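What the coordinates show
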Amino acid sequence: MARAAEEFGIPYFHIDLSVQTYVKLLESFLLGRGGNDVVYILPNYQDADATIYLLITDSYLRAIVFGELDGDTVDRIKDLRPYPSFYAVIAGTMEMNTILQKAIDGGLVRKPEKWNLLFTDLQTDKYTLGDDFPQMNRLVLDSNTCCILLQQRFPCICPEPFDPMDAHLQNVLERIVQWFIKDPIPLVRASNCTPESQQPELLEHAIAAQKKLMNEIAAMAEFWITPESGMLRPNLNLSIISQPAYQNTTSAAAQPPPAVTIGNVAKGQIVLVKNESLQPSKRFFRVGTTESIPWAYRKRDPNGNILRNSTTGEPIWEGYCIDFLHQLSVVMNFDYDLVSPRNGTFGLRDADGKWDGLVGDLVVGEIDFAIASLKMTAEREEVVDFVAPYFEQTGILIAMRKPVRETSLFKFMTVLRLEGGGEAPKALSGRTLVAAYWLFVVLMLATFTANLAAFLTVERMQTPVQSLEQLSRQSRIKYTVVKDSDTHDYFRNMKNAEDVLYQMWRNLTLSSGNDQAQYRVWDYPIKEQYINILSAIESANPVTTAAEGFRRVNERLDADFAFIHDSAEIRYEISRNCNFTEVGEVFAEQPYGIAVQQGSHLQDELSYFILELQKERYFESLTAKFWNNSARSQCPNTDDSEGITLESLGGVFIATLVGLALAMITLLGEVIYYRRKETSRNFIKVAPFGNADKPMARDGKRIALKQKSIAAVKHLLDLDTPATKALRGTTTTVKINTKKEKPIPKEITIGNKFISAAEKQQKLSYDAIMPRNAIH
């Protein structure tokens, strides 16, 4: 239209009375922050249409425009991929409160620093969310805007209400009318709407007069004319209210610092207060990840409950990949959100060729890139791209539990058996046999020693399996994998390869051609171990998660269960669990890599910064953090070179001590028993006859020892002879029963001469009493 007006010499003025002026000013502010994309939210569809028209004709930003924010609009904004760098809301104060509250309730305001608010009125004192979200950048009409548009000196009193667009229209019309009166221009009189070529001087005059007027208007303070569009816009001076640059907006303070005025935006130019600066724009990415220890996992409390961020309500992630991602966000200056796949984990392709998991999210654009323990496979490279590997080659490894050895102080008894024992024989022949048997025992003692040493040594050196091949050849140890994992796919593919190779070999050998005769052999040249391995895995029921697999291994104390899984994860568990050990060598090695969308511009950038981090040896320190073997130093000593230990033969010492204690107790009992027996016996003291006339006591007691001895002997001989006892000069006669008919025993000799009774009767023992003096 402007070109047609110029051809006809018609004055044409494009006056902006819509939201476009606000959009243009806000765009200048966003460009100053380094933004390249934005989501505009307008209060109605009329303003949305005007904004779209401006974006089509005169804009440097990639933008999406929404009007009348509601529940459906909130969901659509949430589903935007990739996330926008900024959100921009242009509305009056009351409308601004309503829009922001809906955005907050809908969960859109997760990063307040990305929100930019432009108020189109002077009632910003009624804004209710300023204290809650000081991180939001606000552009408000400065108080001198009213004075400029009303062509009054500052300070001035603004009428209530004040509409800047009404004042702007009045100023434009006033300038045009004054110009038309001062310098009239000819009118078009052609009825066919064609320019009058016969008056070119009049056309040139009209064009020159309009340009002169536009130059005069552009020099006035109340107007803003952009050279590229020629649109007459009002000079709206906007104050920038934001947090000061020296304030750390990411600090963990309970209350963020208040926002202050840091500058102004006027005629598309940003003027900042001294020592202030605009916060630079950060790119924002949706990063996909999935749980796999220690790469990425949700933080949990001791009860196993997932811990969440108090502000956003999202799970808190930890792990090798999470630390790596944070470092990337620092060196590449971007913000991110962690996103878990809605279906699947790493990515599997179904029969229709559709992918789930992280690979599927990349294919449909749900995430910008994926960082996890994602292996670079040929199938995945068909639909996504991988950057330079960030981790050393990883593969598949076998994890088993260390067998729990039986510990007992009487372990030496395990080599003994109940056979060979019994009661001691009583016959002479039996005793002779026992004597010969003890000779046999001497030889068995050496056998026992050798057997015991061999038993303990065999137990110490016993290892169930040492490789995948040995594992496949036995049936005692069960083993499994994570269902539908990369490891599971590996064994499936190897089994399929064995099937195909067998079919090819069979077809080759059964052919009747002469050339095929050289391939005919009796035995099949390829081992079919993966067919057996996959069958054993399926029979053992693959686990759903790696944690379940490690739990099953830990529960089998006899070390009769193995878990085949990613080598890095197995070594991580071994470094933190003393019960685990790895078996064999790593096989089927593959690298880990970050996956991006095919053709993504992030591929080269990520590869560059990964190489830079490798130069700084960052990955070595990160590996040491998660695969630190310091926990192994706390494990009990299980050195196999110990051999026979005190713990194995401790029962021998215990048995010896128990026997010694029993012997001491028995000895004490015997001593007590025989002492009591000796005390209960009656002893008769016989004094020598030569001492019969001597006193026996100090107190004057005298005993006729001679008479007493004679009486005692007669008593022993049962003679009827009274025993006489003298006590203190008194003689007491004791009558003894007499048995005269009883002869004197031959065992007793009475007289001056001692004659041994054994000389007469050799087979009898004797008692002899030889008194010194005669009895009568």
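As a starting point, this report considers the structure included with it. (Residues numbered from 1 in each chain as written. Predicted model: local features only at pLDDT ≥ 70, side-chain atom pairs only at ≥ 80, totals over all residues. Heavy atoms only, no water.)

**Here we look at the overall build of the chain**
A tally of regular secondary structure across the chain gives 21 helices and 23 strands. Within the chain, the fraction of its 776 residues that count as buried is 37%. The contacts in the chain between residues at least 6 apart in sequence include a share of 68% that link residues at least 24 apart. Element-wise, carbon and sulfur atoms account for 54% of the exposed surface of the chain, whose accessible area totals about 46400 Å². (Helix = DSSP H or I, 4+ residues; strand = E, 2+ residues; numbered from the N terminus. Buried < 20%, exposed > 50% of the residue type's maximum accessible area, 1.4 Å probe, protein only. Contact = heavy atoms within 4.5 Å. Areas by Shrake-Rupley, 256 points an atom, 1.4 Å probe, with all protein chains shown as cover.)

**Describing the pairing of strand S1 (residues 37-42)**
Burial runs high along S1: six of the six residues are buried. Running through helix H3 (residues 45-57), the crossover from S1 to the neighbouring parallel element strand S2 (residues 62-67) is right-handed. Alignment of S1 against strand S3 (residues 86-91), held across four bridges, turns out to be parallel. Along S3, the bridge assignment pairs Ile41 with Val89. (Right-handed = clockwise from strand over helix to strand, strands pointing away. Pairing = 2+ DSSP bridges.)

**Structural notes on the side chain of Glu569**
Mapping Glu569 onto the fold places it in helix H17 (residues 567-574). The charged side chain of Glu569 is buried without a salt bridge, its nearest counter-charge being Lys375 at 7.9 Å. Excluding residues within four positions of it along the chain, Glu569 makes contact with Ser292, Ile293, Pro294, Trp295, Ser373, Ala546 and Phe550. (Lys, Arg positive; Asp, Glu negative; His and termini not counted. Salt bridge = Lys/Arg side-chain N within 4 Å of Asp/Glu carboxyl O.)

**Some thoughts on the state of the cysteines**
Within the structure shown, the criterion is met by two disulfides. Two residues, Cys146 and Cys158, share a disulfide whose sulfurs are 2.0 Å apart. With Cys146 in helix H6 (residues 143-149) and Cys158 in the loop between H6 and helix H7 (164-182), this residue pair connects regions lying 12 residues apart in the sequence. Assessed through its relative accessible area of 26%, Cys158 is described here as partly exposed. (Disulfide = S-S within 2.5 Å.)

**Some remarks on the nonpolar core**
Grouped together as the largest cluster of nonpolar side chains are 34 residues, with contacts concentrated most on Leu26, Leu30, Tyr40 and Ile90. Of all hydrophobic cores here, the second largest spans 31 residues; its members include Phe324, Leu328, Leu602 and Ile610. (Core = buried A, V, L, I, M, F, W, Y, C linked by side-chain atoms within 4.5 Å.)

**Observations regarding helix H14 (residues 486-509)**
For H14, spanning 24 residues, the distance from its first C-alpha to its last is 34 Å, which sits close to the expected 34 Å at 1.5 Å a residue. Three or more residues of H14 are buried, namely Thr487, His488, Phe491, Glu498, Trp505 and Thr509. For H14, the secondary structure elements touched by its buried residues are strand S17 (391-401), helix H13 (468-473), helix H15 (529-539), strand S19 (561-566) and strand S20 (580-592). (Expected span 1.5 Å × (residues − 1).)

**Some words on the sheet that holds strand S21 (residues 595-597)**
Strand order in the open sheet formed by five strands is S14-S11-S15-S21-S16, with mixed pairing between adjacent strands. On the outer flanks of this sheet lie strand S14 (334-339) and strand S16 (384-386), each paired with one strand and no other. Pairing between strand S11 (residues 283-288) and S14: six bridges, direction parallel. Directly across from Phe285, in S14, lies its bridge partner Tyr336. Against the sheet, helix H18 (residues 602-615) touches S11, strand S15 (369-370), S16 and S21, its axis set at about 85° to S11. (Axes fitted to C-alpha atoms, helices over the stretch in contact; angles between N-to-C directions.)

**With respect to the packing of H14 against H15**
When two helices pack together, their arrangement is given by the angle between the helix axes and by the axis-to-axis distance. Packing of H14 against H15 leaves a shortest axis separation of 8 Å and a crossing angle of 140°. Compared by their axis directions, H14 and H15 come out oblique. For the crossing formed where H14 meets H15, the hand is left-handed. Contact with H14, carried on its side by His488, Tyr490, Phe491, Arg492, Met494, Lys495, Glu498 and Asp499, involves Gln529, Tyr530, Ile531, Ile533, Leu534, Ile537 and Glu538 of H15 and no other residues of that element. (Parallel < 35°, antiparallel > 145°, perpendicular 65-115°, else oblique. Left-handed = near helix turned anticlockwise from the far one by under 90°.)

**Notes on the packing of aromatic side chains**
Inspection of every chain in the model, using the stated rule, returns 30 aromatic pairs. Aromatic pair Tyr490 and Tyr530: ring centres 6.1 Å apart, planes at 85°, arrangement edge-to-face. Here Tyr530 lies in helix H15 and Tyr490 lies in helix H14, a separation of 40 residues in the sequence. Look at Tyr530 and you get buried, because its relative accessible area is 11%. Measuring from ring centre to ring centre gives 5.6 Å for Tyr618 and Phe619, while their planes differ by 70°; the resulting arrangement is edge-to-face. In this structure Phe619 comes out as buried when scored by relative accessible area, which is 8%. Members of the aromatic cluster, each reached through a chain of ring pairs, are Trp295, Tyr320, Phe324, Tyr390, Phe391, Tyr572, Tyr592, Tyr618, Phe619, Phe626 and Trp627. In this structure, Arg233 packs its charged tip against the face of Trp224, placed 5.6 Å from the ring centre. (Phe/Tyr/Trp six-rings, centres within 6.5 Å; stacked < 30°, edge-to-face > 60°. Lys NZ or Arg CZ within 6 Å of the ring centre and 35° of its normal.)

**Notes on the pattern of salt bridges**
Scanning the model with the defined rule gives 24 salt bridges in all. We note a salt bridge from Asp560 to Arg556, for which the minimum N-O separation is 3.3 Å. With relative accessibility at 15%, the residue Asp560 sits in the buried group. Because the salt bridges share partners, they merge into one network encompassing Lys24, Glu27 and Asp58.

**Considering the packing of helix H2 (residues 20-32) against H3**
For the pair H2 and H3, the least separation of the axes is 9 Å and the interaxial angle reads 55°. On the basis of the axis angle, H2 is oblique to H3. Handedness of the H2/H3 crossing: right-handed. Residues Gln20, Val23, Lys24 and Glu27 of H2 form the contact with H3, whose own contacting residues are Ala50, Thr51, Tyr53, Leu54 and Leu55. A class-by-class count of the residues in the contact of H2 with H3 yields five nonpolar, two polar and two charged. (Nonpolar A, V, L, I, M, F, W, Y, C, P; charged D, E, K, R; others polar.)

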